[in-house]
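# Structure assessment
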Amino acid sequence: MYIGKAQEKARVMRTERRRNARTGATYPWIVESTAMVSHVYFYCVDEDFGPFFLKFCTYFPYNAKLC
């Protein structure tokens, strides 16, 4: 097993402030964005399936990939 860490661009969820036009009060709003975030890779070799890797994003929504 080999464990690696890389910083890559990923789709993430963030909050931004929006203002109510009628009252002027601010409120949080969730938007989709991209950001440079850390990813953790786990490289493994299985007797039955052969080589594979797992890739985990360390930022919400915590995406994962198995190849």
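Summary of the structure given here. Because the structure is a prediction, the values reported are computed rather than measured.

## What about the pattern of salt bridges?
- Using the criterion set out here, one finds 3 salt bridges in the structure.
- Ionic pairing is found between arginine 18 and glutamate 16, a salt bridge with its closest N-O pair at 3.1 Å.
- With relative accessibility at 32%, the residue arginine 18 sits in the partly exposed group.

## Quick word on the packing of aromatic side chains
- In this structure the tally under the stated criterion is 7 aromatic pairs.
- Here tyrosine 27 and tryptophan 29 contribute two aromatic rings whose centre-to-centre distance is 6.2 Å and whose plane-to-plane angle is 80 degrees, an arrangement assigned as edge-to-face.
- Relative accessible area serves as the criterion here: at 33%, tyrosine 27 is assigned to the partly exposed category.
- Note on tryptophan 29: relative accessible area 40%, which makes it partly exposed.
- Residues phenylalanine 60 and tyrosine 62 carry aromatic rings whose centres are separated by 6.0 Å and whose planes lie at 85 degrees to one another, so their mutual orientation is edge-to-face.

## Section: the nonpolar core
- With 5 residues, the main nonpolar core is built from Ala10, Val12, Ala35, Val37 and Cys57.
- Elements represented by at least two residues in this core include exactly β1 (2–19) and β2 (26–46).
- Excluding anything up to four places from it in sequence, alanine 10 contacts Ser33, Thr34, Ala35, Val37, His39 and Cys57.

Cut-offs used in this document
- Residues numbered from 1 in each chain as written.
- Predicted model: local features only at pLDDT ≥ 70, side-chain atom pairs only at ≥ 80, totals over all residues.
- Heavy atoms only, no water.
- Salt bridge = Lys/Arg side-chain N within 4 Å of Asp/Glu carboxyl O.
- Buried < 20%, exposed > 50% of the residue type's maximum accessible area, 1.4 Å probe, protein only.
- Phe/Tyr/Trp six-rings, centres within 6.5 Å; stacked < 30°, edge-to-face > 60°.
- Core = buried A, V, L, I, M, F, W, Y, C linked by side-chain atoms within 4.5 Å.
- Helix = DSSP H or I, 4+ residues; strand = E, 2+ residues; numbered from the N terminus.
- Contact = heavy atoms within 4.5 Å.

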